[in-house]
There are 2 protein chains.
Amino acid sequence: MKRRQPVSIKTVAERAGVSPATVSNVLNAKPSVAPELIERVRNVVAELGYIADNHASRLRSGKHSLAGVVVPDLSNPMFGTFVSTLETLARQDGFDLLVVSAANDVEQERERLNAIRSWRPAGLIVIPCDGALSHRTPSIMPMPIVVVDRLPDDPDYDLIAVNNAQSAAAISAHLSGQGYRSCTVAGSTLSISNVRERWEGAASAAGGMAISMVEVGLETDGIRRRLYETLTQRRPEALFALDHITALIAYQTMTDLGLSTPGDLAFASFDEAEWMRLVRPAITTVRQPIEEMATAAWQQLSQRMGGNADPVRTMRLACSVEIRGSTLREGGRSDTAA
Amino acid sequence: MKRRQPVSIKTVAERAGVSPATVSNVLNAKPSVAPELIERVRNVVAELGYIADNHASRLRSGKHSLAGVVVPDLSNPMFGTFVSTLETLARQDGFDLLVVSAANDVEQERERLNAIRSWRPAGLIVIPCDGALSHRTPSIMPMPIVVVDRLPDDPDYDLIAVNNAQSAAAISAHLSGQGYRSCTVAGSTLSISNVRERWEGAASAAGGMAISMVEVGLETDGIRRRLYETLTQRRPEALFALDHITALIAYQTMTDLGLSTPGDLAFASFDEAEWMRLVRPAITTVRQPIEEMATAAWQQLSQRMGGNADPVRTMRLACSVEIRGSTLREGGRSDTAA
DNA sequence: AGCTTTTGATAAAACGTTTTACGGGAGGTC
DNA sequence: GACCTCCCGTAAAACGTTTTATCAAAAGCT
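This is a predicted model, so every value here is computed, not measured.

Reading guide: rules and limits
- Residues numbered from 1 in each chain as written.
- Chains lettered and ligands numbered in written order.
- Predicted model: local features only at pLDDT ≥ 70, side-chain atom pairs only at ≥ 80, totals over all residues.
- Heavy atoms only, no water.
- Salt bridge = Lys/Arg side-chain N within 4 Å of Asp/Glu carboxyl O.
- Helix = DSSP H or I, 4+ residues; strand = E, 2+ residues; numbered from the N terminus.
- Near = heavy atom within 4 Å.
- Polar contact = N/O pair within 3.5 Å; in protein donor to acceptor, adjacent residues only side chain to side chain.
- Nonpolar A, V, L, I, M, F, W, Y, C, P; charged D, E, K, R; others polar.
- Core = buried A, V, L, I, M, F, W, Y, C linked by side-chain atoms within 4.5 Å.
- Buried < 20%, exposed > 50% of the residue type's maximum accessible area, 1.4 Å probe, protein only.
- Contact = heavy atoms within 4.5 Å.
- Phe/Tyr/Trp six-rings, centres within 6.5 Å; stacked < 30°, edge-to-face > 60°.
- Lys NZ or Arg CZ within 6 Å of the ring centre and 35° of its normal.

## Some points on the pattern of salt bridges
Summed over the entire model, instances satisfying the criterion amount to 33 salt bridges over all chains. When the shortest N-O distance is used, the salt bridge between Glu229 of chain A and Arg226 of chain A registers 3.9 Å. A residue pair is termed a helical-turn pair when its members lie 3 or 4 positions apart in one helix, as Glu229 of chain A and Arg226 of chain A do in helix H10 (residues 220-233) at three residues. One salt-bridge network, held together by shared partners, links Glu87, Arg91 and Asp96 of chain A together with Glu111 and Arg112 of chain B.

Below is the structure:
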């Protein structure tokens, strides 16, 4: 009962006593088909459970209903939410999404970007592993591409990102305003444009507070080691983690060392995660507007797929800065700024 | 430089001075092509950046290199990890993944399951929204389907799940063993087979501990209200949340009410999330082996796609039970059981 | 009634591949 | 040298659609 031999448009046509062309016209709601035939075809389609083969239909019509999404890592809830939002939008416009995750690996990203071409997607949305995207993009990429979150080295693509510098500056100013005298900023590596922008933003707004950067790398073990050194050997009064994974390991390390926040040191994070609102005290963060980024990315891609050929465009979205207990001086006031 | 007119196998053939058939033979590594021609074709392919169109190739050869994945909600990190693992496995076998998320909505799930047929995927892996999957599956689904995590009402599909009952029983026994006299089990709804199995397992191993079930539903507001009532009106000595979202809201509510764990009440959760290891004390959980589930699901689907027609099969994987501070009596011992 | 226009349906071509069936030439055997 | 194989390459058919061109019948004019 589950398996049947394949039913094609011809089967439907025969059964309804019409030509395949008519069936096609009915299914694509072309005008000038007699109401009676529409009815008859519809019935047969329902009866047989027929649904047109997208491959054949794409092949002939040249109309693509597939868009590709490349993210560094789907198990990161931030990217999961991003894809999830994107999917809803895409479906509304009649697109399906081919999702690939690059497992945070530049080499895999290259391979996936190449392989995805064979599906001839109408467009691509990419959150690259790092800034060197264009080195990894096959030279022939005939579809529009929108890059999200991380600045590509090559200003050849549309970009949707957040105002990294301003947001980091807000945190920095807040810490300085609370009276902390020294702050260490920890991030994966300055070669990622994101991280660089955040660091520069933070540095620019430190005021009288001594501020320094430590690059912890991308691998768990290395991150843990560098943070351990930082927290034991020259502990600052405040620690500002520039990405989620660094923040997570920093918090773990602090807990392991028996350091409490904000008593022993203030703690803030770029990238907000669920747990940051759950721990006590809750953690001061910069919340990135993921849904808005997805929406903006889809809108932009939509326009490009529709033929829009305006010059490449960069869009910066605002983050919200959530000041919470982890950075407040005892008796300090609580505020929320953007 | 980015855009070029489409290059097809004919373009390659002409440029290499051979027939399209030969190009095809080279690309698909068919035997009996002269080494010299192979070389020549390869060069042209590289030069033009040609890559075969999957749609056309599927259409003619009937060989599908696409598999579908349907999950309730990609922004849930558990499902994100699941898809991510699946993707790696699929790529190793030369498959691409068409990912759709149903936004936890039964109606959307139905619609997506129907729409995905038009891509003629070679197989489907589905984590259904609830147990009534077969009511939502179009009658004609000619490809193999593997259901994961939630028992379908209809034993017509292969199933990969975890030993819900035993794992919940282990938690229940642990709580009872710690000397708690009453326990409330909170879960979305017993109409989800998962939840039912967990509740029954917990109930069966309560020993002398009074145990009762409260169904909190699926919507945030409702969950919050029911949990608030539970915690204020007839607070038990222990609370066992049966799914991640219930656990999250329960923990928030406890924090809001100023209740501490395990002092005011013990707290445990099925489904482990990152934050449960970060809060202090850390939370006792049942950790589901997501990666193993994904691996098992892909293996099973792989076999089915390879033509295996054995009777439908159900596979139960073991969870690990992580006993942590949130359920330990003061001075109690810490243990880890499976 | 004769003419043109409109309407509604279809046959056939086309999309980019893979596969099947065929054919030409080289090599082997008697 | 006639015959048979075997090897290598190609022409053409086929996959399931959509589109284009065509055509018959009906409808609108004078």
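## A look at the protein's contact with DNA strand C
Taken together, 26 residues are adjacent to DNA strand C, and Thr22 and Ala34 of chain A together with Ile9, Ser24 and Tyr50 of chain B come closest. In DNA strand C, atoms within 4 Å of the protein come from the sugar-phosphate backbone in 69% of cases. Within the side chain of Arg60 of chain A, one N or O atom sits 2.9 Å away from a base nitrogen of DNA strand C. With respect to DNA strand C, the side chain of Asn28 of chain B contributes an N or O atom lying 3.2 Å from a phosphate oxygen. Among the elements of the structure, helix H2 (20-27) and helix H4 (54-61) of chain A together with helix H2 (20-27) and helix H4 (54-61) of chain B are those that each provide at least two residues to the surface near DNA strand C. The element best represented in the surface near DNA strand C is H4 of chain B, accounting for four residues. Classifying every residue of the surface near DNA strand C gives eleven nonpolar, nine polar and six charged.

## Some words on the nonpolar core
Nonpolar side chains in soluble globular proteins tend to end up buried together. With 104 residues, the main nonpolar core has Phe82, Phe240 and Trp298 of chain A together with Phe82, Phe240 and Trp298 of chain B as its most contacted residues. Sequence-distant contacts of Trp298 of chain B, defined by excluding residues within four places in its chain, comprise Ala67, Leu86, Leu89, Ala90, Asp93, Phe95, Leu97, Ile125 and Met305 of chain B. Counting 46 residues, the second-largest nonpolar core is a separate cluster that includes Ile223, Ala247 and Ala250 of chain A together with Leu278 of chain B.

## Quick look at the packing of aromatic side chains
Scanning all chains against the criterion turns up six aromatic pairs over all chains. Relative to Trp298 of chain A, the ring of Phe95 of chain A has its centre 5.6 Å away and its plane inclined at 75°; by these criteria the two rings are edge-to-face. Pair noted here: Phe95 of chain A is in the loop between helix H5 (77-92) and strand E2 (96-101) and Trp298 of chain A is in helix H13 (residues 290-305), with a separation of 203 residues, a long-range link. In this structure, Phe95 of chain A and Trp298 of chain A share a single accessibility class: buried. Aromatic side chains Tyr251 of chain B and Phe267 of chain B sit 6.2 Å apart centroid to centroid with 35° between the ring planes, which places their arrangement in the tilted category. Of this pair, Tyr251 of chain B sits in helix H11 (residues 244-256) while Phe267 of chain B sits in strand E9 (residues 266-270), placing them 16 residues apart in sequence. When sorted by exposure, Tyr251 of chain B lands in the same class as Phe267 of chain B, which is buried. The ring of Phe270 of chain A is capped by Arg198 of chain A, whose NZ or CZ atom sits 3.8 Å from the centre of that ring.

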